[in-house]
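Chain and residue survey
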Amino acid sequence: MGDRGRTRQHPPKANGPRFHGDPDRFPIMAEFIGERFGASVEYVADVAGGQGMLARELRKRFNYRVEVVDPRGWTLKGVESRAVPYVAEDASYYDLVVGLHPDQALREVVHSATARATVIVPCCNFWRDDRKLGRDALAESIAQWLDQHDVRYERVTFPFRGPQNLGFVTTPPNAVS
């Protein structure tokens, strides 16, 4: 009762997963990660991964160990998870950090790129506090940050319905080529 002023997010429906956006993004992203990283990664952080649909795909199709790091704690049965906010300092624990529409964790996922390979697909305006950015301006602002921190990256337009399908695949500055 005391939380009436706060915005509430609703847990998954009892009769199956419920999520916003294109449901095809999970198998498409899993396929991309599997093809791009292959056996070079084993342990993956799925940041703000919600119910764990991407985690399930990565585990089932590529046998990666995937942990959803999401403070909401609504993962599906059998999905490894930690119900805590993600912080960039945790990046070194993983081989790959994935932020597929990471909401408020966007900055932390991008900052992880200085230490670990990342796949980042921003969705919301959680990059700058001073003004709202559209998709392309958001991507440009993130690219500038990556450039300033010597993070190598590739821009990728993923083949799922957008407009939030523009992302980055990064390599940390100290990685051996």
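Before reading further, recall that the structure is shown in the block above.
Here is a short report on the structure shown in this document. (Residues numbered from 1 in each chain as written. Predicted model: local features only at pLDDT ≥ 70, side-chain atom pairs only at ≥ 80, totals over all residues. Heavy atoms only, no water.)

For any two helices packed against each other, the geometry is given by the interaxial angle and the distance between the axes. Two numbers describe how helix α1 (residues 25-37) lies on helix α2 (residues 53-62): the axes approach to 9 Å, and their chain directions differ by 45 degrees. One way to sum up the angle between α1 and α2 is to call them oblique. In the crossing of α1 with α2, the sense of the turn from one axis to the other is right-handed. Contacts from F26, P27, M29, A30, E31, I33 and G34 of α1 reach α2 at M53, L54, E57, L58, R61 and F62. The residue inventory of the contact of α1 with α2, partitioned by class, reads 9 nonpolar, 1 polar and 3 charged. (Axes fitted to C-alpha atoms, helices over the stretch in contact; angles between N-to-C directions. Helix = DSSP H or I, 4+ residues; strand = E, 2+ residues; numbered from the N terminus. Parallel < 35°, antiparallel > 145°, perpendicular 65-115°, else oblique. Left-handed = near helix turned anticlockwise from the far one by under 90°. Contact = heavy atoms within 4.5 Å. Nonpolar A, V, L, I, M, F, W, Y, C, P; charged D, E, K, R; others polar.)

A few words on the pattern of salt bridges. In total, this model carries 8 salt bridges according to the counting rule given. Measuring nitrogen to oxygen at the nearest pair gives 3.6 Å for the salt bridge that ties E80 to R65. With E80 in the loop between β2 (65-69) and β3 (81-82) and R65 in strand β2, this pair connects stretches of sequence that are 15 residues apart. Take E80: its relative accessible area is 34%, and that puts it in the partly exposed class. R155 is the partner of E140 in a salt bridge, and the nearest nitrogen-oxygen pair spans 2.9 Å. Within this pair, whereas E140 is found in helix α4 (residues 135-148), its partner R155 is found in strand β6 (residues 152-157), the two being separated by 15 residues in sequence. (Salt bridge = Lys/Arg side-chain N within 4 Å of Asp/Glu carboxyl O. Buried < 20%, exposed > 50% of the residue type's maximum accessible area, 1.4 Å probe, protein only.)

Now for α1. The end-to-end C-alpha distance of α1, which contains 13 residues, comes to 18 Å, matching closely the 18 Å that a straight helix rising 1.5 Å per residue would cover. At its buried positions, α1 is contacted by α2, β4 (96-100), β5 (117-121), β6 and β7 (166-171). A positive backbone phi angle near 45 degrees is found at G38, which sits one or two residues after α1. (Expected span 1.5 Å × (residues − 1).)

Once that is clear, we can look at the environment of Y94. Along the chain, Y94 turns up in the loop between β3 and β4. Given the relative accessible area of 1%, Y94 is considered buried. When the C-alpha positions of Y94 and A45 are compared, they lie 6.3 Å apart, and in sequence the two are 49 residues distant. Once residues within four sequence positions are removed from consideration, Y94 is found in contact with Y43, V44, A45, E67, V69, R82, Y86 and R116.

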